[in-house]
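# Observations on chain architecture
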Amino acid sequence: MISGTYTKESASHIIDKIFTNEKASHLYRQLLWLRQSEETLARLYKEQEMRTPTHFGTGQEAVAVGVCEALECEDVVYSHHRCHNHYLAKGGDLFKLVAELYGRIDGCSAGRGGSVHLTAREKGFVISSAILAQTIPVATGSALAFKMDDKPNIAVCFFGEATCEEGAFYESMNYASTYKLPVLFVCENNLYSTESPLNTRQPEDTELCERARAFKISSEKVDGNDVYAVYQAASLAVARIRAGKGPFFLECMTYRWREHVGPCFDHEVNRTYRSKEELESWMEKCPVKKAASYLLRNEMVTKDELSQWNFEIEERVQKAVTLAKQSGWPKALELFENVW
Amino acid sequence: MRVLKYWQALSEGLVQAMEQDPDIFVTGISVDYSSGVFGSTVEACKRFGKKRIFDAPSMENALTGIAIGAAAVGKRPVVFHPRNDFMFLAFDQMINLAAKWKYMYGGNAGELPIVFRAIVGKGWGQGATHSQSLHAVLAHFPGLKVVLPASPKDAKGLTLSALQSNSPVVILEHRSLYNIEGEVSEEPIAVPIGKAEIVRSGSDVTIVAASLMVHEAKIAAIELEKEGIDVELIDIRSLRPLDEETILASIKKTGRLIVVDTSWEMCGLTSEIAALAAEKAFYSLKAPVKRIALANCPAPVSLSLENVFYPKPSTIAKATLALLNKSSDRIGNIDPEDTFKGPY
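Model, not experiment: these values are computed from the prediction. (Residues numbered from 1 in each chain as written. Chains lettered and ligands numbered in written order. Predicted model: local features only at pLDDT ≥ 70, side-chain atom pairs only at ≥ 80, totals over all residues. Heavy atoms only, no water.)

## Remarks on the overall build of chain A
Broken down by element type, chain A carries twelve helices and eight strands. Compactness check: chain A gives a C-alpha radius of gyration of 19 Å against a globular reference of 20 Å for 340 residues, within 12% of the reference. When the backbone C-alpha atoms are referred to their principal axes, chain A occupies close to 55 × 50 × 40 Å. By the burial criterion, 58% of the 340 residues in chain A qualify as buried. Relative to all contacts within chain A whose residues are 6 or more apart in sequence, the contacts with residues 24 or more apart total 74%. Here chain A displays about 14,000 Å² of accessible surface, and carbon together with sulfur accounts for 50% of that area. Charged side chains in chain A number 40 positive and 47 negative. The centres of these two groups are separated by 2 Å. (Helix = DSSP H or I, 4+ residues; strand = E, 2+ residues; numbered from the N terminus. Rg over C-alpha atoms; globule rule 2.2 N^0.38 Å. Buried < 20%, exposed > 50% of the residue type's maximum accessible area, 1.4 Å probe, protein only. Contact = heavy atoms within 4.5 Å. Areas by Shrake-Rupley, 256 points an atom, 1.4 Å probe, with all protein chains shown as cover. Lys, Arg positive; Asp, Glu negative; His and termini not counted. Charge placed at Lys NZ, Arg CZ, Asp CG, Glu CD.)

## Here's the deal with the interface of chain A and chain B
Listed by partner, the interface residues are 40 residues for chain A and 39 residues for chain B. Scanning the region where chain A abuts chain B turns up one salt bridge. Among the ionic pairs, A:Asp149 bridges to B:Lys75, the shortest N-O distance being 2.7 Å. Counting across the interface, chain A meets chain B through 14 residue pairs in polar contact (both at pLDDT 80 or more). When contributions to the side of chain A that touches chain B are tallied by element, the ones reaching two or more residues are strand S1 (76–79), strand S2 (125–128), helix H6 (135–148) and helix H7 (167–178) of chain A. With nine residues, H6(A) is the single largest residue contributor to the side of chain A that touches chain B. (Salt bridge = Lys/Arg side-chain N within 4 Å of Asp/Glu carboxyl O. Polar contact = N/O pair within 3.5 Å; in protein donor to acceptor, adjacent residues only side chain to side chain.)

## As for the side chain of B:Asp32
All names here are of chain B. Along the chain, the position of aspartate 32 falls in the loop between strand S2 (24–28) and helix H2 (42–48). Among the polar contacts made by the side chain of aspartate 32, one reaches the side chain of lysine 50 at a distance of 3.2 Å. Residues within four places of aspartate 32 in sequence aside, it is in contact with Cys45, Lys50, Ile53, Phe54 and Asp55.

## A few points about the packing of aromatic side chains
All told, the structure shown has 21 aromatic pairs over all chains when counted by the stated rule. Through pairs of rings, three or more aromatic residues link up here, namely A:Phe159, A:Phe169, A:Tyr170, A:Phe215 and A:Phe249. Across from the ring centre of A:Trp33, 3.8 Å away, lies the NZ or CZ of A:Arg316, which sits over that ring. The ring of A:Trp340 carries the charged tip of B:Lys145 above its face, separated from the ring centre by 5.3 Å. (Phe/Tyr/Trp six-rings, centres within 6.5 Å; stacked < 30°, edge-to-face > 60°. Lys NZ or Arg CZ within 6 Å of the ring centre and 35° of its normal.)

## A word on the domain arrangement of chain B
All names here are of chain B. Split by domain assignment, chain B resolves into domain 1 (3–183) and domain 2 (197–323). For domain 1 and domain 2, the distance between their C-alpha centroids amounts to 26 Å. With 30 residues of domain 1 in contact, the opposing surface of domain 2 contributes 26 residues. Both faces combined, the contact of domain 1 with domain 2 buries some 2,100 Å², and carbon together with sulfur accounts for 58% of it. Its largest share of buried area at the contact with domain 2, domain 1 owes to Lys122, His135 and Leu148, together 23% of the area lost on that side. Counting across the interface, domain 1 meets domain 2 through three salt bridges. (Domains from an automatic or database assignment. Buried area = accessible area lost by both parts, 1.4 Å probe.)

## Focus on the pattern of salt bridges
All names here are of chain A. In the structure shown here, the tally under the stated rule is 38 salt bridges over all chains. Notably, a salt bridge pairs glutamate 61 with arginine 35, separated by 2.6 Å at the nearest N-O pair. Placement of glutamate 61 in helix H3 (residues 61–68) and of arginine 35 in helix H2 (residues 21–45) is noted, with a sequence separation of 26 residues between them. For the pair formed by glutamate 61 and arginine 35, the shared burial category is buried. Taking the shortest distance from any N to any O, the salt bridge between glutamate 280 and lysine 276 comes out at 3.8 Å. Taken together, the residues glutamate 280 and lysine 276, both in helix H10 (residues 276–284) and four residues apart, mark about one turn of the helix. Given the relative accessible area of 37%, glutamate 280 is considered partly exposed. Several salt bridges converge on common partners, so that one network encompasses Glu195, Glu259, Asp266, Arg271 and Arg274.

## With respect to the packing of helix H3 (residues 60–72) of chain B against helix H4 (residues 91–98) of chain B
All names here are of chain B. Packing of H3 against H4 leaves a shortest axis separation of 7 Å and a crossing angle of 35 degrees. Packed against H3, whose contacting residues are Asn61, Thr64, Gly65 and Ile68, the element H4 presents Asp92, Gln93, Met94, Leu97 and Ala98 at the interface. A per-class count over the contact of H3 with H4 returns four nonpolar, four polar and one charged. (Axes fitted to C-alpha atoms, helices over the stretch in contact; angles between N-to-C directions. Nonpolar A, V, L, I, M, F, W, Y, C, P; charged D, E, K, R; others polar.)

## So, the sheet that holds S2(A)
Hydrogen bonds between backbone groups are what pair the strands of a sheet, and the pairing can be parallel or antiparallel. Residues and elements named next belong to chain A. Read from one edge of the open sheet, six strands run S2-S1-S3-S4-S8-S7, paired in parallel fashion. The sheet is open, and its two edges are formed by S2 and strand S7 (218–223), each paired on a single side. Each adjacent strand pair in this sheet contributes to an overall mean axis angle of 15 degrees, direction not counted. Here six bridges tie S7 to strand S8 (residues 248–253), and the two strands are oriented parallel to one another. In the sheet register, glutamate 220 faces S8, and the bridge partner there is leucine 250. Together, strand S4 (183–189), S7 and S8 form the strand contacts of helix H9 (residues 227–245), whose direction differs from that of S7 by roughly 165 degrees. (Pairing = 2+ DSSP bridges.)

## Observations concerning the confidence of the model for chain A
Across chain A, the average pLDDT comes to 94, with 94% of residues at or above 70. Every residue in residues 1–8 of chain A scores below 50 in pLDDT, and together they form 18 contacts with partners more than four places removed in sequence or on other chains. (pLDDT = per-residue confidence, 0-100.)

## Focus: the sheet that holds strand S14 (residues 290–292) of chain B
All names here are of chain B. Taken in spatial order, the five strands line up as S9-S11-S10-S13-S14 in an open sheet, and their pairing is mixed. For this open sheet the edge positions go to strand S9 (197–200) and S14, each flanked by a neighbour on one side alone. Between one strand axis and the next, the sheet turns through 25 degrees on average, direction left out of account. Across three bridges, S9 lies against strand S11 (residues 231–235) in antiparallel orientation. From the neighbouring strand, glutamate 197 faces S11, where its bridge partner is aspartate 235. This element, helix H9 (residues 244–254), spans S9, strand S10 (205–209), S11 and strand S13 (257–260) of the sheet and lies at about 170 degrees to S11.

## Digging into the packing of H2(A) against helix H11 (residues 287–297) of chain A
Residues and elements named next belong to chain A. Taken N-terminus to C-terminus, the directions of H2 and H11 make an angle of 155 degrees; their axes are 10 Å apart at the nearest point. By the angle between their axes, H2 is roughly antiparallel relative to H11. The two elements H2 and H11 meet at a crossing, and its hand is left-handed. Contact with H2, carried on its side by Ala24, Ser25, Tyr28, Leu31, Leu32 and Arg35, involves Pro287, Val288, Ala291, Ala292, Tyr294 and Leu295 of H11 and no other residues of that element. By residue class, the composition of the contact of H2 with H11 is ten nonpolar, one polar and one charged. (Parallel < 35°, antiparallel > 145°, perpendicular 65-115°, else oblique. Left-handed = near helix turned anticlockwise from the far one by under 90°.)

Here it is in structure tokens:
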């Protein structure tokens, strides 16, 4: 557990920790877990049995894994519409996620939430929600409660860069900074909001970190496809926050592979707002591949081990899917449960 | 029994709830000012200090989200709005998240005990954006409880209930009621949410009202008594949940219904209760349902226009007589003088 005073020594200790064989391999396996889960879901989605608009997060896994691995179990996480990665990275049960997508009673939200409204409260994944910027103040509020009760926990909110165009983001930054709240704002900058590129939404040469700094909030921009870079930056940020230095803004540059909502690639369905070439250039920077080559380069794993992990994870995913499909439907008589 | 003013009753309810539950905190613009929300938070500030009662920037939407996030990890926040009109800025958090929290996560994300206190304004030229009451629009959405205390007893009792509820409750406090007096028990007695009160029993006509209009209707009822008309007056106390049973039983007894509101007719409290009568008490009705509400325009500022904008006791009395095919010639000036001059 990282706590107490934040010093350069403790920071370098954290960085050293990253490169232990065990941690580096674990981060990779988590990436693979998210990737295989999401890609399996995208394949199954085409069967039209998951009747819930789904925003697949393929390509953005390193942000979720890098940040969530820097947290303790009691820390809380909030997410947005593209939330499967964060749910799984914080320890959410894949079976319950799949059951939710199939609208079943064993779903994490008992078939009432769908893909965008997930929860894994016991793992510290409080909620995700579909409205842009909605969970930013909510995470800030959990941080306020932690501070009021002198708890060592922190709150984390994941959101896309389009959220930095919403008012609630600024209200929350202003508040979190004023009261030095233990909250980590994680911006996943994937360059597009639905189909709108950055140049229709933000002034040229915008640096979102500068906006954070305008609120006296420390910030850092990292390669969001490099799980080790994200983990390192997040670990430092978390240590800072736990030391009572107030909120932190972490911008992770990444790219969404699939369409905004749905399982296809944009070029497959003739969308022209971005090119196949652009997608392919980002696929070259695939977070899973990147982590694998880091491990191989540093001789932390063998190719055999990588394919063994691949096989094991595939099995786990299949098992969760099979089980979820067997789950029952909510009963009509239960329609009014939990209204209040 | 001891007599308290409405604001004193609000204060006592809050203080007693905070004594019982250390997780309660209060935030919002001006809650810790020395004036203490027209006196209603002064005592709580004195007792519990700035750790549990603290000011907030003007950020209605995020502040509501902050309360939700605090409630999600075990606190019981009270968010205060000096004017309920500002809650429009908080609707995303209130309606898209707080109201749906328990349902949308299948009960697995826990409960959300939050109280929203907000003041409804009227008159003295406060105009279009400071004189509306948001109860109808808020009550439209499943998941929110909307209460409108009309008496000091209910101001305290409903505050206590709201602060014991495990789902979000909106308390709309009418500014014009802050100085009214009434008997209030010293004990922390919670008034159940969802139970209407028969303020006055009668047999000729049922008047259903909420908040300030309960008082206006009471004045009308006293005047109508002189005309030989026996009014049954019902204070709904909460719009959602609505105590249909009490309202229907009264309509079945009197056969006549007048509904009076501090807001407009369209898609409002009056239309909801009129629909209830039409659906479930149609064959008991001896006359068409009458609705009395604000004039169908935004609130004006000029005194001459305000005078015709708000329904008054005389409006209610005359409408009741018309419903009974009686002359209202003898109804004199029964409307109390409006002495309100602020503070707002």
